[in-house]
Amino acid sequence: GITAYIKGGKIIKSMEILKQLKSEGRILHADTYNTLLSALVQEGESKIAIELFESDVGHSNGLIRPTRVTYNIILEAYRIMNRFSEARNLYTQMRTYGYIP
């Protein structure tokens, strides 16, 4: 599946599969998103990771409910990009939902 592509370093292929799965209405797990988000951040693609998080992950309107791991990955992406205000807002959101980094 998608995780195998991610672990094999084929992030672009992983993104294509993710897009296909979403278009088919498949339900994806937070672990899959976390693996992809983490790989994107590690490969210097923090901007894409943040965009994916903002479009697909959330408590109210997202496809995937974030976990503590999800939040920590995105906090790191914001830090790398020097987007500290957004990191603070995300940290506040984390605390609101009972997550502690």
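The numbers attached to residues start from 1 for each chain and follow its sequence in the written order. Selection of residues for local features in this predicted model requires a pLDDT of at least 70, selection of side-chain atom pairs for listing and counting requires 80 or more, and totals for whole chains, interfaces and linings are taken over all residues. Each side-chain value is derived from all of the structure's non-hydrogen atoms; neither hydrogens nor water enter the calculation.

This part takes up helix H4 (residues 46–56). Along H4, the residues that are buried comprise Ser46, Ala49, Ile50, Leu52, Phe53 and Asp56. Along the axis of H4, the buried positions cluster into a sector of 160°, meaning they face one direction only. For H4, the elements touching its buried residues are helix H2 (11–23), helix H3 (30–42), helix H5 (68–80) and helix H6 (84–96). The rule is simple: take the accessible area with a 1.4 Å probe, protein chains only, and divide by the maximum for that residue type; under 20% is buried, over 50% is exposed, in between is partly exposed. A helix here means a DSSP run of H or I that spans at least four residues, while a strand means a run of E at least two residues long, and both kinds are numbered starting from the N terminus. To be clear, the arc concerns the directions from the helix axis to the C-beta atoms. Any two residues whose heavy atoms approach within 4.5 Å at even a single point are treated as in contact.

Once that is clear, we can look at the pattern of salt bridges. Salt bridges are defined by distance alone: a side-chain nitrogen of Lys or Arg within 4 Å of a carboxyl oxygen of Asp or Glu. Counting across every chain of the model gives 5 salt bridges. Between lysine 22 and aspartate 56 there is a salt bridge whose closest N-O contact spans 2.7 Å. Here aspartate 56 lies in helix H4 and lysine 22 lies in helix H2, a separation of 34 residues in the sequence. In this structure, arginine 83 engages glutamate 86 in a salt bridge whose closest nitrogen and oxygen atoms are separated by 2.6 Å. Judged by relative accessible area, arginine 83 falls into the partly exposed class, the value being 23%. In this structure glutamate 86 comes out as partly exposed when scored by relative accessible area, which is 29%.

Running from amino to carboxyl end, H2 crosses H3 at an angle of 145°, the nearest separation of the two axes being 11 Å. In this structure, H2 crosses over H3, and the sense of that crossing is left-handed. Between H2, through Ile11, Ser14, Met15, Leu18 and Lys22, and H3, the contact on the second element is made entirely by Tyr33, Leu36, Ala39 and Leu40. Polar here means any residue outside two lists: the nonpolar Ala, Val, Leu, Ile, Met, Phe, Trp, Tyr, Cys and Pro, and the charged Asp, Glu, Lys and Arg; Gly therefore counts as polar. Considered class by class, the residues forming the contact of H2 with H3 number 7 nonpolar, 1 polar and 1 charged. Axis lines are fitted to C-alpha atoms, over the contacting stretch for helices. Their N-to-C directions set the angle, which ranges from 0 to 180 degrees. Rotating anticlockwise by less than a right angle from the far helix to the near helix defines a left-handed crossing, while the corresponding clockwise rotation defines a right-handed one.

Looking now at the packing of aromatic side chains. Here a pair means two rings of Phe, Tyr or Trp (six-membered ring of Trp) with centres within 6.5 Å. Their orientation is stacked below 30 degrees between planes, edge-to-face above 60, and tilted elsewhere. Counting across every chain of the model gives 2 aromatic pairs. Residues phenylalanine 53 and tyrosine 71 carry aromatic rings whose centres are separated by 6.3 Å and whose planes lie at 65° to one another, so their mutual orientation is edge-to-face. Residue phenylalanine 53 is found in helix H4, and its partner tyrosine 71 is found in helix H5; the two are separated by 18 residues along the sequence. Given a relative accessible area of 7%, phenylalanine 53 falls into the buried group.

With that settled, consider the environment of threonine 67. For threonine 67, the position within the fold is in the loop between H4 and H5. Along the chain, threonine 67 and leucine 52 lie 15 residues apart, while their C-alpha atoms are 15 Å from each other. Setting aside anything within four residues of it in sequence, one finds threonine 67 in contact with Ala30, Asn34 and Tyr99. Two N or O atoms count as a polar contact when they lie within 3.5 Å, although within protein this holds only if one can serve as hydrogen donor and the other as acceptor, and sequence-adjacent residues are included solely when both atoms are side-chain atoms. In this structure the side chain of threonine 67 is engaged in a polar contact, spanning 3.2 Å, whose partner is the side chain of asparagine 34.

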